[in-house]
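Chain by chain, the residues:
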Amino acid sequence: MKKTLQQIPEKSQEKFYTQNLLRAYALCLIWNPLEVMVVTSLDITNTDYFEFFPIIISIVLLFILIDWFLSHFKHSRSVIEIEYIDQIHLVKTYRKIIELILLLLLLVLVVTVVQRFLDLGFLFSMVLVIIPISFLWASFIGIGNRYRKVAVPLWVERTRGLSNYYFMFLSAGFLVGMISKSTFIYNLQTLFVETSDHRLLLYLVIGGYFLVLSLIGFHPLVSLTLLATLLHPLLPSISSVSLAVVLITCSLASVMYSPFNLSVSLLADQLKLNSYRMGIWNILFAISFMVICILIAYQLSFII
């Protein structure tokens, strides 16, 4: 992209990278069955992925079109001359895309079956099947030996660094546990309980909750874990699918704007920019995204 965009002003490049890359990344995550925020939200609401997928993929396609339109409007005056031509093998590319789609369908199907039989939740079922499915699929497409040579050493290397995550989430669990025992949690839970009779207001409060906590440094997974405690008394009376849509879209919208999010931090480091400035460039789109998704979820609550 640097080779392509070097002809336009530097500030336009920075905004293009920030807005288009982070938005595209967020739109990939919200339907991804391997994303921990997605599977955790499905477990909290006891929702099947196949029931959730048609709704969320429709939302993704809608916002891809919106983002394309906005990008075309903003960058219509930018002229880029391509001096090089890369040869792209379309048949091979399409075959790889079809293989990826089939793999995801197989993975979600097996996880759903395991979840139904063992009743262990979507996340734990994913942990059980992802390794054997990965090796079986690699063998099926003829790269079993290569996958084993790459995956096993990489697994050993990454496992050594898991202690960092262990202590990070141990600290997060301690924080959530202490907050859940404090008087603050009762005041916060009262807010959710009092708005539960007004479904749209409840969803807006959830969106505001994620927005505020992501801006002051809470990881969305920590925020979601705490929110699950707050919403526990309300879950039987709330549409599970619509609530899953709200939880997933509002929590993962932080990928676009939160200065503490890994995606924003990495891109800020690459571009040598202030992460808060990058968040400002995306926050209006992110809030619009959350509000529209909340309105869609609200309508779904009357149908599903």
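Just so it is clear, the model here is predicted, and its values are computed rather than measured.

Rules behind the numbers
- Note that residues are indexed from 1 along each chain, following the sequence as it is written.
- Where local features are concerned, this predicted model is filtered to residues with pLDDT of at least 70; where side-chain atom pairs are given and counted, the filter is 80 or more; whole-chain, interface and lining totals use all residues.
- Computation of side-chain values: all heavy atoms of the structure, hydrogens and water removed.
- You can read pLDDT as the predictor saying how much it trusts each residue, on a scale of 0 to 100.
- Put simply, DSSP H or I for four residues or longer makes a helix, DSSP E for two residues or longer makes a strand, and each gets a number counted from the N terminus.
- Among the buried residues, those of types Ala, Val, Leu, Ile, Met, Phe, Trp, Tyr and Cys that are joined through side-chain atoms within 4.5 Å form a nonpolar core.
- For the exposure calls, accessible area comes from a 1.4 Å probe over protein chains only, and a residue counts as buried if that area is under 20% of its type's maximum, exposed if over 50%, partly exposed in between.
- Each salt bridge in this description consists of a side-chain nitrogen of Lys or Arg and a carboxyl oxygen of Asp or Glu lying within 4 Å of one another.

Participant: Which parts of the structure should I look at to understand the confidence of the model for the protein?
Facilitator: Any residue range with low pLDDT should be treated as having predicted coordinates unsuitable for detailed reading. Overall, the predicted model of the protein reaches an average pLDDT of 85, with 96% of residues at or above 70. Within the protein, no element has a lower average pLDDT than helix α1 (residues 2-5), which sits at 74, and none a higher one than helix α12 (residues 240-252), at 92.

Participant: Sorry, what's going on with the nonpolar core here?
Facilitator: Counting 67 residues, the largest nonpolar core has Phe 52, Phe 192, Tyr 203, Ile 206, Tyr 209, Leu 227 and Phe 289 as the members making the most contacts within it. Examining the composition of this core, we find that nine residues originate from one element, α12, more than from any other. Membership of the second largest hydrophobic core comes to eleven residues, among which are Ile 8, Val 264, Leu 267 and Leu 273.

Participant: Sorry if this is basic, but what is going on with the pattern of salt bridges here?
Facilitator: Between side chains of opposite charge, a pair can form as their charged atoms come close. Using the criterion set out here, one finds three salt bridges in the structure. Put simply, Asp 67 and Arg 23 hold a salt bridge, and the shortest N to O gap is 3.0 Å. Of this pair, Asp 67 sits in helix α4 (residues 49-75) while Arg 23 sits in helix α2 (residues 10-29), placing them 44 residues apart in sequence. Looking at Asp 67, the relative accessible area reads 7%, which means it is buried. A salt bridge links Arg 95 to Glu 99; its shortest N-O distance comes to 3.8 Å. Residue Arg 95 and its partner Glu 99 are located together in helix α5 (residues 90-118), separated by four residues, close to a single helical turn.

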